[in-house]
Amino acid sequence: MSATLDNDAFDRDYTLAELLPEPLCKAVGPALAHLLGADCAVLDADGAALWGSAPAGAARAPLTLELEPIGWLAAAVPAERLRAAATLLRQLCLARVRYLMAGALHTESVAADYRALLEKHAALEVSEARYKLLSEELEQRVAATVKLLDERQRQLYQAEKLASVGQLAAGVAHEINNPIGFVRSNVATLGRYLDTWRGLKARLADAPAAWQELDLDFILTDSADIVQDSIAGIDRVARIVADLRGFSNVDRPEEEVADLNPNIEDVASVVRGQLPAGVALQLDLHPLPRILCLPGHINQVLHSVIRNAVQAVQDGGRPGTVTVRSQAAGDGVDIAVADTGVGMSAEQLTRVFEPFYTTRGVGQGTGLGMTVAKDIVQAHDGRISISSQPQAGTTVTIHLPA
Ligand code: ADP
Ligand code: MG
């Protein structure tokens, strides 16, 4: 922005009274009279005296500025001398004009600077208000985005959990079906045996023959077997239920200082219940420092990774092993899940953690297992890394700090 100067400072016409104010007249007038050797008067454009008084018969010499007469010098002296004195006075007036002009210019430019500053200030205030508005808007948008991300993340957790729970339910149903079946059949057999005992009651008079005929020796032995067998079956169901309970910690939100080995055992137990033929699951657990964690979330990670390993062995099309190994490592815990399955291509390796990336068929994989696993591990300040060789196998290592 450039300051515009008022043209008045240059263009205005000065009157003689302005150029020769009273104090100046009082100093210059007597000096002129002395030089002229006669009384003299300084008159304005209208002939009014600014200083002195014109004697009778005095001549007038004009004082001109830019061809305009702005006043006169009057004295009764020869014309030449009067003109010389007028020239002096005129030079004085010119010097005064320049002085006044410079003064006006200075004032004007200061005023212009001030006006420019005011304008700048006003503009700054406007832009400051705009930035404030923008920053408020930005803050709101960031808050909204964070909320949306939170929501999406919860949805991801939920989707993977639902997939786990679905598989789990199928596995559990399968697992429980078998013991329930034979316990039921055992109880039915015991019921029939009781009928036989009832038959003995009617023939107590001839007890030894009846005992023999009813084959009660066998029934006694077999009953004991059946009871043993049934207890074992019911224990198996109870164990499955206990495993499930440990596993379903997924919704327990509190942090705990936990030894992760029992978690690994819980999860392995659940996975074992639905292990396909040709896949062996081995544990190689070593003492671990206790770590502060969300055990339910860690279970979810272990389940996703172990399930992937089992699937990889199955996909490999030959018998294989999944080994879960735990050990203390530096400042925390290392859990490595190694499989002898299909392995991963370079492209798969770069994309495993991508949400919804899956190589499984429609309805078979969510593509969220590893995404959520990484998320949970990072939320525990941990790391998850993968090394893999196509057709040889994969090792997923989870490191969690103590
Ligand atoms: P999903 O199991 O639902 O496909 P994940 O996020 O668990 O989703 O895994 C993504 C993909 O990474 C899998 O589809 C598979 O291609 C690959 N993957 C994960 N773990 C292994 C593994 N142990 N061996 C081979 N491939 C694996
Ligand atoms: Mg998976």
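Residues numbered from 1 in each chain as written. Chains lettered and ligands numbered in written order. Predicted model: local features only at pLDDT ≥ 70, side-chain atom pairs only at ≥ 80, totals over all residues. Heavy atoms only, no water.

Is there a simple way to explain the sheet that holds strand β4 (residues 68-75) in this structure?
Where strands meet in a sheet, backbone hydrogen bonds hold them as pairs that are either parallel or antiparallel. If you trace the four strands from one edge of the open sheet to the other, you get β2-β1-β4-β3, paired in antiparallel fashion. Each end of this open sheet is capped by a strand with a single partner; those strands are β2 (49-52) and β3 (59-65). For this sheet, the mean inter-axis angle between neighbouring strands, taken without regard to orientation, is 20 degrees. Here β3 runs beside β4; their pairing, made up of seven bridges, is antiparallel. By the bridge assignment for β4, A59 is matched with A75. Most of the contacts of helix α3 (residues 22-36) go to β2, to which it runs at about 55 degrees, and overall it touches β1 (40-44), β2 and β4. (Pairing = 2+ DSSP bridges. Helix = DSSP H or I, 4+ residues; strand = E, 2+ residues; numbered from the N terminus. Axes fitted to C-alpha atoms, helices over the stretch in contact; angles between N-to-C directions. Contact = heavy atoms within 4.5 Å.)

Please explain empty space enclosed by the protein as it appears in this structure.
If a probe the size of a water molecule is rolled over the atoms, the empty space left behind becomes visible. Applying the stated criterion across every chain yields a total of one cavity of 30 Å³ or more. Quantified by volume, the largest cavity comes out at close to 40 Å³. Forming the boundary of the largest cavity are L20, L24, C25, V28, G29, V42, W51 and L89. Broken down by element, the residue count for the lining of the largest cavity peaks at four residues, all from α3. For the lining of the largest cavity, the residue count by class is seven nonpolar, one polar and no charged. (1 Å grid on protein atoms, 1.4 Å probe; cavity = no way out; pocket = protein on both sides within 12 Å on 5 of 7 lines; lining within 4 Å. Points joined across faces, edges and corners; volume = space filled by probe spheres on them. Nonpolar A, V, L, I, M, F, W, Y, C, P; charged D, E, K, R; others polar.)

So what exactly am I meant to see when it comes to helix α8 (residues 295-316) here?
An α-helix turns once every 3.6 residues. As a result, residues three or four positions apart point the same way. Between its terminal C-alpha atoms α8 stretches 31 Å, which fits the 32 Å expected from 22 residues at 1.5 Å a residue. Across the 22 residues of α8, 18 count as buried, placing the element largely inside the fold. Taken from the residues just after α8, G317 is the one with a positive phi, measuring 75 degrees. (Expected span 1.5 Å × (residues − 1). Buried < 20%, exposed > 50% of the residue type's maximum accessible area, 1.4 Å probe, protein only.)

Just to check I follow, could you spell out the sheet that holds strand β10 (residues 383-389) for this structure?
Pairing in this open sheet of five strands is mixed, and the strands run β6-β8-β9-β11-β10 from one edge to the other. Looking at strand neighbours, the two that pair on one side only are β6 (279-285) and β10, the edges of this open sheet. Across the sheet, the mean angle from the axis of one strand to that of its neighbour is 15 degrees, orientation sign disregarded. Sheet topology places β10 next to strand β11 (residues 393-401); seven bridges connect them, and they run antiparallel. By the bridge assignment, S388 is partnered in β11 with T394. Here helix α7 (residues 260-272) sits on the sheet in contact with β6, β8 (320-329), β9 (332-339) and β11, set at roughly 170 degrees to β6. Along the sheet face, helix α10 (residues 369-379) touches β10 and β11 and points at about 140 degrees away from the line of β10.

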